[in-house]
Amino acid sequence: MTQQIQRPQQIQRAHRISMYGVSIALAFVFSYIESLFPLNIGIPGVKFGFANIVILLTICLSSHIIDAYAIAVVRVLLVGITFGNISTMLYALTGTILATTAMLIAKKTGLFGTTGISIIGGITHNIGQLITACIILSTEGLIYYLPVLIIAGLIAGIVIGIITDRCAIHIRLSTKE
Amino acid sequence: MKKNDFILIAIILVTCILLSAGFRLTQRDGRTVRITCNDNILGDYPLDENNEINVPYSNKGYNIVSINNGSACVTDADCPDHICVRHPSISSTGETIVCLPHKLVVKIID
């Protein structure tokens, strides 16, 4: 077992700041690349969400819950402003905040592995977006999309979870001095 | 993958199947489609009359809703994502096609 080295607070803070920079930039680029390959089905909100790899990693590796929220929210704002889609940014914002909250709670209970947390995040994200759409469009009929969105969130969650799990192992190995 | 992850997946799949079945059982073939833009009902159209409706959005956007052979779909739009155009046609009660940027809801109401 490797020892836990107590790093001075300044180094910890600098490490955290640089992780913020790297994470937000990476999440942003993931979002952009994903937007280049749209899935060709007619249901709004179905996507893999590769940017969530970064957010999930932050949740698993960081001990401060504000980190995950900060990176998730800033990413959504950046993507919305850069690609000019402010009106649809609202859906992504509620989805992300709800999903991050659900994932943090799931992590806290310790019941689920990385993939389980990712699944919970993916499904919550889609349900959050669906509820937002129902409210904005005053249409409860949108609930018919629930099974599709749950399955989409499930599949994306599994894929993202497996990828993140592999990444987390390597990151943990490389940060042990 | 912990054991709980698999239990979670199983519960989700079962819930989905039950939801889907429930929805299918309560759906019937539709007869009328309602077009709503920004919470304003623009009109109800019968599904048995072929029709093409141009729905303007404020003064710079549009969606074209087509009714053909008992089903409705969006055939053209100038929204940025075109999700509404790619959506398959709808014909059962409760089904909807939405265009989020244009606040358009095409819904089979009966």
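## What to know about the pattern of salt bridges
Residue and element names in this part refer to chain B.
Phase 1: Following the criterion strictly, the structure yields four salt bridges over all chains and no others.
Phase 2: Ionic pairing is found between arginine 31 and aspartate 110, a salt bridge with its closest N-O pair at 3.0 Å. In this pair, arginine 31 sits in the loop between α1 (3-26) and β1 (32-37) while aspartate 110 sits in the segment after β7 (104-108), placing the two residues 79 residues apart along the sequence.
Phase 3: Each of the salt bridges in this network shares a partner with another, and the network as a whole consists of Arg28, Arg31 and Asp110.

## Regarding the confidence of the model for chain B
Residues and elements named next belong to chain B.
Phase 1: Scored by pLDDT, chain B comes out at a mean of 89, with 100% of its residues at no less than 70.
Phase 2: For chain B, per-element mean pLDDT is lowest for strand β3 (residues 51-57), which scores 88, and highest for α1, which scores 93.
Phase 3: Here the prediction assigns the complex a pTM of 0.88, and the interface score ipTM is 0.86.

## Observations concerning the sheet that holds strand β4 (residues 61-68) of chain B
Residues and elements named next belong to chain B.
Phase 1: On the basis of which strands lie adjacent, the open sheet formed by three strands has the order β3-β4-β5 and antiparallel pairing. Bordering the open sheet on either side are β3 and β5 (71-77), each of which pairs with just one other strand. Each strand axis lies, on average, 25° off the axis of its neighbour in the sheet, ignoring direction.
Phase 2: In terms of strand pairing, β4 meets β5 through six bridges, oriented antiparallel. Bridge pairing in β5 links valine 65 to valine 74.

## Quick word on the interface of chain A and chain B
In many reports, interface size means the accessible area that the parts give up when they come together.
Phase 1: Opposite the 35 residues of chain A that make contact, chain B presents 28 residues.
Phase 2: Roughly 2800 Å² of surface becomes buried between chain A and chain B when both sides are summed, with 69% attributable to carbon and sulfur atoms.
Phase 3: Per-residue buried area on chain A facing chain B is highest for A:Gly42, A:Leu137 and A:Tyr144; these three make up 21% of the total on that side.
Phase 4: If you look at where chain A meets chain B, you find zero salt bridges.
Phase 5: Counting every contact that joins chain A to chain B gives eight residue pairs in polar contact (both at pLDDT 80 or more).
Phase 6: Counting only elements with at least two residues in the side of chain A that touches chain B, the list comes to α5 (114-137) and α6 (146-174) of chain A.
Phase 7: The greatest single-element share of the side of chain A that touches chain B, amounting to eight residues, is contributed by α5(A).
Phase 8: Of the residues belonging to the side of chain A that touches chain B, the class tally is 24 nonpolar, 10 polar and one charged.

## Topic: the environment of B:Thr93
All names here are of chain B.
Phase 1: Within the element layout of this structure, threonine 93 appears in the loop between α2 (83-86) and β6 (96-99).
Phase 2: Here threonine 93 falls in the buried class, since its relative accessible area comes to 7%.
Phase 3: Taking C-alpha positions, threonine 93 is 4.9 Å from glycine 30, a pair spaced 63 residues apart along the chain.

## Points about the packing of aromatic side chains
Residues and elements named next belong to chain A.
Phase 1: Counting across every chain of the model gives four aromatic pairs over all chains.
Phase 2: Here the aromatic rings of tyrosine 32 and phenylalanine 83 are separated by 5.6 Å at their centres, their planes lie at 10°, and the arrangement is stacked. In this pair, tyrosine 32 sits in helix α1 (residues 9-36) while phenylalanine 83 sits in the loop between α3 (65-82) and α4 (86-109), placing the two residues 51 residues apart along the sequence.
Phase 3: Under the relative-accessibility criterion, phenylalanine 83 is labelled partly exposed at 39%.
Phase 4: Grouping aromatic residues by their ring pairs yields a cluster made of Phe28, Tyr32 and Phe83.

## Remarks on empty space enclosed by the protein
Residue and element names in this part refer to chain A.
Phase 1: Applying the stated criterion across every chain yields a total of one cavity of 30 Å³ or more.
Phase 2: Size it by volume and the largest cavity reaches roughly 220 Å³.
Phase 3: Taken together, 22 residues form the lining of the largest cavity, with Phe48, Asn52, Gly121, Gly122 and His125 sitting closest to its centre.
Phase 4: Contributing elements (two or more residues each) for the lining of the largest cavity: α2 (52-61), α4, α5 and α6.
Phase 5: It is α5 that provides the largest number of residues to the lining of the largest cavity, a total of six residues.
Phase 6: Among the residues forming the lining of the largest cavity, the class breakdown is eight nonpolar, 13 polar and one charged.

## Digging into the sheet that holds β1(B)
Residues and elements named next belong to chain B.
Phase 1: Pairing within the open sheet is antiparallel, and its four strands lie in the order β2-β1-β7-β6. Each edge of the sheet is formed by a strand with only one pairing partner; in this case those strands are β2 (40-46) and β6. Neighbour to neighbour, the strand axes of the sheet diverge by 15° on average, direction disregarded.
Phase 2: Across six bridges, the pairing between β1 and β2 is antiparallel. When the sheet's bridge partners are listed, threonine 32 is paired in β2 with proline 46.

Cut-offs and rules
Residues numbered from 1 in each chain as written. Chains lettered and ligands numbered in written order. Predicted model: local features only at pLDDT ≥ 70, side-chain atom pairs only at ≥ 80, totals over all residues. Heavy atoms only, no water. Salt bridge = Lys/Arg side-chain N within 4 Å of Asp/Glu carboxyl O. Helix = DSSP H or I, 4+ residues; strand = E, 2+ residues; numbered from the N terminus. pLDDT = per-residue confidence, 0-100. Pairing = 2+ DSSP bridges. Axes fitted to C-alpha atoms, helices over the stretch in contact; angles between N-to-C directions. Contact = heavy atoms within 4.5 Å. Buried area = accessible area lost by both parts, 1.4 Å probe. Polar contact = N/O pair within 3.5 Å; in protein donor to acceptor, adjacent residues only side chain to side chain. Nonpolar A, V, L, I, M, F, W, Y, C, P; charged D, E, K, R; others polar. Buried < 20%, exposed > 50% of the residue type's maximum accessible area, 1.4 Å probe, protein only. Phe/Tyr/Trp six-rings, centres within 6.5 Å; stacked < 30°, edge-to-face > 60°. 1 Å grid on protein atoms, 1.4 Å probe; cavity = no way out; pocket = protein on both sides within 12 Å on 5 of 7 lines; lining within 4 Å. Points joined across faces, edges and corners; volume = space filled by probe spheres on them.

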